[in-house]
Amino acid sequence: MACINPDIEEKWKELLIKEFQSLYFLDLKKFIQEEKVKFKIYPPGRLIFSAFNLTPPDMVKVVLLGQDPYHGAGQAHGLCFSVPDGVNLPPSLKNIYKELSDDLGIVPAGHGNLEKWARQGVLLLNATLTVRANHAGSHQNRGWEKFTDAAISALSENYEGIVFLLWGRYARAKESLIDSNRHHVLKAAHPSPFSAFNGFFGCRHFSAANSLLVKQGKQPVDWAL
């Protein structure tokens, strides 16, 4: 089978070559192409692999896992929890900023663009990388989860000392992909307004992640935006 050649960073392409050669990924590509004919799809094609392109695998220090891209107009740009400049902050991101302020005293940013984190080695990875406009979860169980699970497994197997932030039940289910003898796993409730008071607020994961990085001799993340 011919290998699909996606617009993705070269080291990631090498790590995930078997995925791009697989039947499920070919089926996924066909599905997305068919969806684009009928519906508006987010994020734009050039931004689908933004998390990978901004954070090559050998740069990854922290992994933050989300589930689905935002499905509103102009919101999704390929990074979990993040929105482009000029877009109103989603509720979960507001709560992330609140915890960041409580944990490290960082004044909440006036924007929701988390690219600065990505460029420092924070992989902002959604499990599903596309969505139909105004239809949350519409591209789940089409192959993206298998692909992003492979990315998590590749990081776990090929690198050491990464801090994985698993927020919410869906993200915590990915723990089985991570070798806890080689990496660090921090778990909390999801920052959604429906669950943030059940264990997200007060988790202090930002300072905890930096402490784990510093102990390894790595540069801590500058979480200020």
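The structure displayed is predicted, hence computed values, not measured ones.

(A) Main features of the pairing of strand S5 (residues 163-167). The buried fraction of S5 amounts to 5 of the 5 residues, a majority that puts the element mostly inside the structure. Of the two faces of S5, the one lined by Val-163, Leu-165 and Trp-167 and the one lined by Phe-164 and Leu-166 are each fully buried. Summarising the sheet, strand S2 (residues 62-66) and S5 pair through 3 bridges and their orientation is parallel. Across the sheet, the residue bridging to Val-63 is Phe-164, located in S5. Bridge count between S5 and strand S6 (residues 184-188): 5 bridges; the pairing is parallel. Bridge assignment links Phe-164 to a residue of S6, and that residue is Val-185.

(B) Representation of the nonpolar core. In this structure, Phe-52, Phe-147 and Trp-223 are the most contacted members of the largest nonpolar core, which totals 65 residues. Take this core: its biggest share by element is 6 residues, from helix H7 (residues 144-158). Ignoring sequence-local partners within four residues, the contact set of Trp-223 consists of Val-62, Leu-100, Leu-104, Ile-106, Trp-117, Val-122, Phe-206, Ala-209 and Asn-210.

(C) Spotlight on the layout of surface pockets. Here the largest pocket is characterised by a volume of approximately 570 Å³. Lining the largest pocket are 32 residues, with Gln-67, Asp-68, Pro-69, Tyr-70 and His-190 sitting closest to its centre. Counting only elements with at least two residues in the lining of the largest pocket, the list comes to S2, helix H5 (91-104) and helix H8 (169-172). Broken down by element, the lining of the largest pocket gets its largest block of residues, 3 residues, from H8.

(D) Geometry of the packing of aromatic side chains. Under the counting rule described, the total for this entry stands at 19 aromatic pairs. A centroid spacing of 6.1 Å and a plane angle of 55° characterise the contact between Trp-117 and Phe-206, whose relative ring orientation is tilted. Here Trp-117 is found in helix H6 (residues 115-119), whereas its partner Phe-206 is found in helix H9 (residues 205-215), with 89 residues between them in sequence. Phe-206 matches Trp-117 in its accessibility class, with the two residues each being buried. Their ring planes at 75° and their centres at 4.9 Å tell us that Phe-206 and Trp-223 sit as a pair that is edge-to-face. Pair noted here: Phe-206 is in helix H9 and Trp-223 is in the segment after H9, with a separation of 17 residues, a long-range link. Clustering of aromatic rings is evident, with ring pairs tying together Trp-12, Phe-20, Tyr-24, Phe-25, Phe-49, Phe-52, Trp-144 and Phe-147. In this arrangement the basic side chain of Lys-98 is found over the ring face of Phe-201, its NZ or CZ atom lying 4.7 Å from the centre. Its guanidinium or amino end placed over the ring of Phe-39, Arg-132 lies 3.8 Å from that ring's centre, counting from NZ or CZ.

(E) Representation of the packing of H5 against H9 within the structure. At their nearest, the axes of H5 and H9 sit 8 Å apart, and the two run at 60° to each other. Regarding the angle of H5 to H9, the classification is oblique. The residues of H9 that touch H5, namely those facing Ile-96, Glu-99, Leu-100, Asp-103 and Leu-104, are His-205, Phe-206 and Ser-207. Taken together, the residues of the contact of H5 with H9 break down into 4 nonpolar, 2 polar and 2 charged.

(F) The arrangement of the pattern of salt bridges in detail. Here the structure, examined in full by the defined rule, presents 10 salt bridges. Salt-bridge contacts for Lys-11 lead to Asp-58; the nearest nitrogen and oxygen are separated by 3.8 Å. Here Lys-11, found in helix H1 (residues 10-15), pairs with Asp-58, found in the loop between helix H4 (50-54) and S2; they are 47 residues apart in sequence, far enough to count as distant. Overall, the relative accessible area of 45% leaves Asp-58 in the partly exposed class. When the shortest N-O distance is used, the salt bridge between Lys-174 and Asp-149 registers 2.7 Å. Of this pair, Lys-174 sits in the loop between H8 and S6 while Asp-149 sits in helix H7, and the two are 25 residues apart along the sequence.

What counts and how
Residues numbered from 1 in each chain as written. Predicted model: local features only at pLDDT ≥ 70, side-chain atom pairs only at ≥ 80, totals over all residues. Heavy atoms only, no water. Buried < 20%, exposed > 50% of the residue type's maximum accessible area, 1.4 Å probe, protein only. Helix = DSSP H or I, 4+ residues; strand = E, 2+ residues; numbered from the N terminus. Pairing = 2+ DSSP bridges. Core = buried A, V, L, I, M, F, W, Y, C linked by side-chain atoms within 4.5 Å. Contact = heavy atoms within 4.5 Å. 1 Å grid on protein atoms, 1.4 Å probe; cavity = no way out; pocket = protein on both sides within 12 Å on 5 of 7 lines; lining within 4 Å. Points joined across faces, edges and corners; volume = space filled by probe spheres on them. Phe/Tyr/Trp six-rings, centres within 6.5 Å; stacked < 30°, edge-to-face > 60°. Lys NZ or Arg CZ within 6 Å of the ring centre and 35° of its normal. Axes fitted to C-alpha atoms, helices over the stretch in contact; angles between N-to-C directions. Parallel < 35°, antiparallel > 145°, perpendicular 65-115°, else oblique. Nonpolar A, V, L, I, M, F, W, Y, C, P; charged D, E, K, R; others polar. Salt bridge = Lys/Arg side-chain N within 4 Å of Asp/Glu carboxyl O.

The values are spatial; any link to function lies outside them.
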